[in-house]
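# Summary of structural features
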Amino acid sequence: QKEVEQDPGPLSVPEGAIVSLNCTYSNSAFQYFMWYRQYSRKGPELLMYTYSSGNKEDGRFTAQVDKSSKYISLFIRDSQPSDSATYLCASTSGSARQLTFGSGTQLTVLP
Amino acid sequence: GAGVSQSPSNKVTEKGKDVELRCDPISGHTALYWYRQSLGQGLEFLIYFQGNSAPDKSGLPSDRFSAERTGGSVSTLTIQRTQQEDSAVYLCASSRPDRSSLYFGPGTRLTVL
């Protein structure tokens, strides 16, 4: 079993929809949680960063962590075609060296 | 400021040839990482450099893979006697030592024919 599991999709939604992307993890020591966005033929870019449980909002994006259920979510409101990308969740107990990535969910937002 | 840069962006080689991939990290980032990303797969950790410490090579898949980092900055990943299964995108990332997030370069897409 991988330490971070992520539904690979693909996920296709109409423009303006609310998107929910999810990961589960198994390591109770994980404290830091990240979402990376990767456009086609580009490197992953850090999108959201959270520490421990709770919500973090940045514009149309909300990251949510529930440590009791070991569940990580990314919500995208009013989705746009420019949000079409692969989204990777990642977690670590401390250092970047220990980052564990999900396999990524491919999202397509249709105009 | 400038991000992580990698070269070449694409590399096509014949089976059995050696290849060198280059990474230039963000200035001031002392930690440097190499990852491999295959189609439909997640990110596979290869090697980690931190300052002058001995590198963590625990992710290198075989002794055909090696990497070095000169002057604490630029890094080169070398794959000897390439095989078709080496075809993938090779990503370099850097970070500050006290941070838990990584900053990735655009990657080198390696195709072994």
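Values in this document were obtained by computation on a predicted structure and should not be read as measured data.

### Quick notes on the pattern of salt bridges
Residues and elements named next belong to chain A. Under the defined criterion, the tally for this structure stands at six salt bridges over all chains. For glutamate 57, the salt bridge goes to arginine 77, with nearest N and O atoms at 3.4 Å. Placement of glutamate 57 in strand E6 (residues 54-58) and of arginine 77 in the loop between strand E8 (71-76) and strand E9 (85-92) is noted, with a sequence separation of 20 residues between them. Overall, glutamate 57 belongs to the exposed group, its relative accessible area being 58%. Between aspartate 83 and arginine 60 there is a salt bridge, with the nearest N and O atoms lying 2.8 Å from each other. Linking aspartate 83 in the loop between E8 and E9 with arginine 60 in the loop between E6 and strand E7 (61-66), this pair joins segments that are 23 residues apart in sequence.

### Notes on the packing of aromatic side chains
The geometry of an aromatic ring pair comes down to the distance between the two centres and the angle between the two planes. Summed over all chains, the structure comprises 12 aromatic pairs over all chains. Taken together, a centroid distance of 6.2 Å and an interplanar angle of 40 degrees make the contact between Tyr32(A) and Tyr49(A) tilted. One end of the pair, Tyr32(A), is in strand E4 (residues 32-38); the other, Tyr49(A), is in strand E5 (residues 45-51), and 17 residues separate them in sequence. Stacked on the ring of Phe45(B), the Lys or Arg Arg97(A) has its end atom at 3.7 Å from the ring centre.

### Overview of unusual backbone geometry
For the bond from Ser7(B) to Pro8(B), the omega torsion is -10 degrees, close enough to zero to count as cis. The phi torsion at Arg41(A) lies on the positive side, around 65 degrees, for a residue other than glycine. Mapped onto the fold, Arg41(A) is located in the loop between E4 and E5. Of note, the phi angle at Ser52(A) is positive, near 60 degrees, even though the residue is not glycine. Locating Ser52(A) in the fold gives a position in the loop between E5 and E6. On the basis of relative accessibility, which here comes to 22%, the residue Ser52(A) falls in the partly exposed class.

### Considerations on the sheet that holds E7(A)
Residues and elements named next belong to chain A. Spatial strand order, E1-E3-E8-E7-E6: five strands in an open sheet with antiparallel pairing. Among the strands making up the open sheet, the edge pair consists of strand E1 (4-6) and E6. Between one strand and the next, the sheet's axes are offset by a mean angle of 15 degrees, whatever the strand orientation. Bridge count for E1 against strand E3 (residues 19-25) is three bridges, and the pairing is antiparallel. Paired with valine 4 across the bridge in E3 is tyrosine 25.

### Topic: the environment of Asp18(B)
All names here are of chain B. Note on placement: aspartate 18 falls in the loop between strand E2 (10-13) and strand E3 (19-24). Overall, aspartate 18 belongs to the partly exposed group, its relative accessible area being 49%. Distance from aspartate 18 to arginine 64, taken between C-alpha atoms, is 9.2 Å for residues 46 residues apart in sequence. Beyond its immediate sequence surroundings of up to four residues, aspartate 18 is in contact with Ile79, Gln80 and Arg81. Reaching out from aspartate 18, the side chain makes a polar contact with the backbone nitrogen of arginine 81 at a distance of 2.8 Å.

### Examining the interface of chain A and chain B
Contacts between the two partners involve 19 residues from chain A, matched on the other side by 22 residues from chain B. Carbon and sulfur atoms supply 54% of the area buried between chain A and chain B, which totals about 1500 Å² over both sides. Among the residues of chain A in contact with chain B, Ala96(A), Arg97(A) and Phe101(A) are the three that bury the most area, contributing 37% of the side total. One can count one salt bridge joining chain A with chain B. Between Asp56(B) and Arg97(A) there is a salt bridge, with its nearest N and O atoms 2.6 Å apart. For the pair chain A and chain B, the interface holds five residue pairs in polar contact (both at pLDDT 80 or more). Of all the secondary structure elements, the ones that give two or more residues to the side of chain A that touches chain B are E4 and E5 of chain A. The leading source of residues in the side of chain A that touches chain B is E4(A), at four residues.

Reading guide: rules and limits
Residues numbered from 1 in each chain as written. Chains lettered and ligands numbered in written order. Predicted model: local features only at pLDDT ≥ 70, side-chain atom pairs only at ≥ 80, totals over all residues. Heavy atoms only, no water. Salt bridge = Lys/Arg side-chain N within 4 Å of Asp/Glu carboxyl O. Helix = DSSP H or I, 4+ residues; strand = E, 2+ residues; numbered from the N terminus. Buried < 20%, exposed > 50% of the residue type's maximum accessible area, 1.4 Å probe, protein only. Phe/Tyr/Trp six-rings, centres within 6.5 Å; stacked < 30°, edge-to-face > 60°. Lys NZ or Arg CZ within 6 Å of the ring centre and 35° of its normal. Pairing = 2+ DSSP bridges. Axes fitted to C-alpha atoms, helices over the stretch in contact; angles between N-to-C directions. Contact = heavy atoms within 4.5 Å. Polar contact = N/O pair within 3.5 Å; in protein donor to acceptor, adjacent residues only side chain to side chain. Buried area = accessible area lost by both parts, 1.4 Å probe.

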